[in-house]
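Tertiary structure, described
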Amino acid sequence: MKPVNSLLSATGTTVFTVMSALAVQHGAINLGQGFPDTDGPADVLAAAADALADGRNQYPPLTGVPELRQAVAAANARFYGLQIDPASEVVVTSGATEAITACLMALLDPGDEVVLIEPLYDTYVPVVRMLGAVPRIVRLTPPKWELPRAELAAAFGPRTKAMMLNTPMNPTGKVFTAAELAFIGDLLVRHDAYAVCDEVYEHLTYDGWRHIPLMSLPGLRERCLRIGSAGKTFSLTGWKVGYVSADKSLAAVVAKAHQNLTFTTPPNLQRAVAVGLAKEDGYFTAIADGLQAKRDRLAAGLAGLGLGVLPAQGSYFITADFAPLGFAGDDVAFCRHITEAARVAAIPVSAFYDGADAPRHYARFAFCKQEAVLDEAVARLARHFGAAKLTEAG
Ligand code: PMP
Ligand code: GLN
């Protein structure tokens, strides 16, 4: 038989699926894959259920139902002062995952270079490579995750077509500052490049940090494709409703990619997300406040066990240095070990690095869980580390 696609056959199963399966196998509390353990807002759920029963279950329009495109445009204006035309500058996708692929498809030709920042979400690099484009990766390193400006500037060149930017960032919890965004924006303009902006955690920022879309900076509106996800904004990760906001010249091409990927996204979910995006400001501040308290609770618990918890200004995640525990293995071994022996799952941070020599003593813990679940996870880790003499991989 002829070989199947070489890139995909060489790609492993995503770490999120691997760790969630291991968590189920061992009855572990899953602080690995990032998903909340409570449902999203009741009015949004009710809107989805109602929309199933009112006879609009056939293919919706290619770029999304008008209600949702209008709601995305209104949210852009309300939160960021961005003027987006709902008819021509919004494309609704089946999750941000599809949006990322669609945006990269819309921009890239084989041989184009794409600047990415490591640690990175696991779909970025495989999709860039599938499209025949060339990743140019710049690395952030813990504990500060500072943007290495000179290295970033050096990664741009005459073949740079685009950059991928994720803020608030998974897994670091970093929220890029206005100064960092201005630096990036300057590089984009100087090199005539686009930015695919993965902003799925846009509403999940803490301690007074505010998310700033790169697209909202002067001169960058025409260069940015801004991606949001209802999964994160409404704690409904299984719904897979994403949205791209981009200048009409770009959105039209993203729509062509979407037409070849999924063509449309379930209309009842789209209509319910439109209800969600129209919720009052209090909803958006409450979800961030609630998650901030959960972050603090888990961070305090892990720090109490001796882990070196790094600050996180946004997202669902904190990263923690487990070296102080004296564990003898790397992060993959540590995450397997705690899943199996302490029955708490986490994600090895090295999984977010494409290159060699990734940091090997950090684990990512999701805090988007009920307080009692976070407390039980910390109690399990405390019992385990109090009782166990650590050895490689348990
Ligand atoms: N980007 C990042 C950084 C994420 O963490 C996630 C989480 N799933 C996604 C994209 C994908 O979002 P969605 O579930 O809407 O496809
Ligand atoms: N974004 C989620 C995380 O980082 C996982 C999504 C997925 O399982 N692909 O945990």
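Bear in mind that the values here come from a model prediction, so they are computed numbers and not experimental data.

1. Some details on the overall build of the chain
Across its full length, the chain holds 14 helices and 13 strands. Compactness check: the chain gives a C-alpha radius of gyration of 21 Å against a globular reference of 21 Å for 394 residues, within 12% of the reference. Along the three orthogonal principal directions, the C-alpha set of the chain runs to about 60 × 55 × 50 Å. Per-residue burial over the chain gives 56% buried out of 394 residues.

2. Thoughts on a nonpolar patch on the surface
On the surface, Leu7, Leu8 and Met130 cluster together into a nonpolar patch covering about 260 Å² of accessible area. Structurally, methionine 130 can be placed in helix α6 (residues 124-130).

3. Comments concerning the site of ligand 2
Neighbouring ligand 2 are the residues Phe16, Gln33, Gly34, Tyr121, Asn170, Tyr201, Lys232, Phe317 and Arg364. One of the side-chain nitrogen or oxygen atoms of glutamine 33 is found 2.6 Å away from an oxygen atom of ligand 2. At 2.6 Å, a backbone N or O of glycine 34 approaches an oxygen atom of ligand 2. Computed on the free molecule, ligand 2 has an accessible area of 300 Å², of which 82% lies beneath the protein chains in the complex. The site holding ligand 2 turns out to be the largest pocket. When grouped by side-chain class, the residues that make up the shell around ligand 2 number four nonpolar, three polar and two charged.

4. Re the pairing of strand β5 (residues 160-166)
Consecutive side chains of a regular strand alternate in pointing toward one face of the sheet and then the other. Buried residues dominate β5, accounting for six of its seven residues. As paired elements, strand β3 (residues 113-118) and β5 share three bridges and run parallel to each other. Looking across to β5, one finds that valine 114 is bridged to alanine 162. Looking at chain direction, β5 and strand β6 (residues 194-198) are connected through five bridges and run parallel. Each bridged residue has a counterpart across the sheet, and for leucine 165 the counterpart in β6 is cysteine 197.

5. Notes on the site of ligand 1
Around ligand 1 lies a shell of 13 residues, among which Thr97, Asp198, Tyr201, Lys232 and Lys240 are the nearest. Contact distances for ligand 1 include 2.8 Å between an oxygen atom and a side-chain N or O atom of asparagine 170. The contact in question runs from a nitrogen atom of ligand 1 to an N or O atom on the side chain of aspartate 198, over 2.6 Å. Coverage of ligand 1 by the protein chains reaches 93% of its 390 Å² of free accessible surface.

6. Notes on empty space enclosed by the protein
This model, assessed by the stated rule, comprises two cavities of 30 Å³ or more. By volume, the largest cavity amounts to about 80 Å³. Lining the largest cavity are Val72, Ala75, Asn76, Phe79, Glu202, His203, Arg226, Tyr243, Ser245 and Leu277. Looking at the lining of the largest cavity, the elements that each hand over two or more residues are α4 (66-80) and β8 (242-246). Looking at the lining of the largest cavity, the element that brings in the most residues is α4, giving four residues. Along the lines of polarity and charge, the residues of the lining of the largest cavity split into five nonpolar, three polar and two charged. Within this model, the second largest cavity holds a volume of roughly 50 Å³. Taken together, Leu116, Ile117, Leu120, Tyr124, Met164, Leu165, Asn166, Met169 and Phe176 form the lining of the second largest cavity. Looking at the lining of the second largest cavity, the elements with two or more residues in it are β3 and β5. Residue contributions to the lining of the second largest cavity peak at three residues, all from β5. Of the residues contributing to the lining of the second largest cavity, the split by class is eight nonpolar, one polar and no charged.

The rules behind each value
Residues numbered from 1 in each chain as written. Chains lettered and ligands numbered in written order. Predicted model: local features only at pLDDT ≥ 70, side-chain atom pairs only at ≥ 80, totals over all residues. Heavy atoms only, no water. Helix = DSSP H or I, 4+ residues; strand = E, 2+ residues; numbered from the N terminus. Rg over C-alpha atoms; globule rule 2.2 N^0.38 Å. Buried < 20%, exposed > 50% of the residue type's maximum accessible area, 1.4 Å probe, protein only. Patch = residues over 30% accessible without salt bridge, like charges linked within 9 Å, V, L, I, M, F, W, Y side chains within 5 Å. Areas by Shrake-Rupley, 256 points an atom, 1.4 Å probe, with all protein chains shown as cover. Salt bridge = Lys/Arg side-chain N within 4 Å of Asp/Glu carboxyl O. Near = heavy atom within 4 Å. Polar contact = N/O pair within 3.5 Å; in protein donor to acceptor, adjacent residues only side chain to side chain. 1 Å grid on protein atoms, 1.4 Å probe; cavity = no way out; pocket = protein on both sides within 12 Å on 5 of 7 lines; lining within 4 Å. Sits in = over half its atoms within 2 Å of the grid points. Nonpolar A, V, L, I, M, F, W, Y, C, P; charged D, E, K, R; others polar. Pairing = 2+ DSSP bridges. Points joined across faces, edges and corners; volume = space filled by probe spheres on them.

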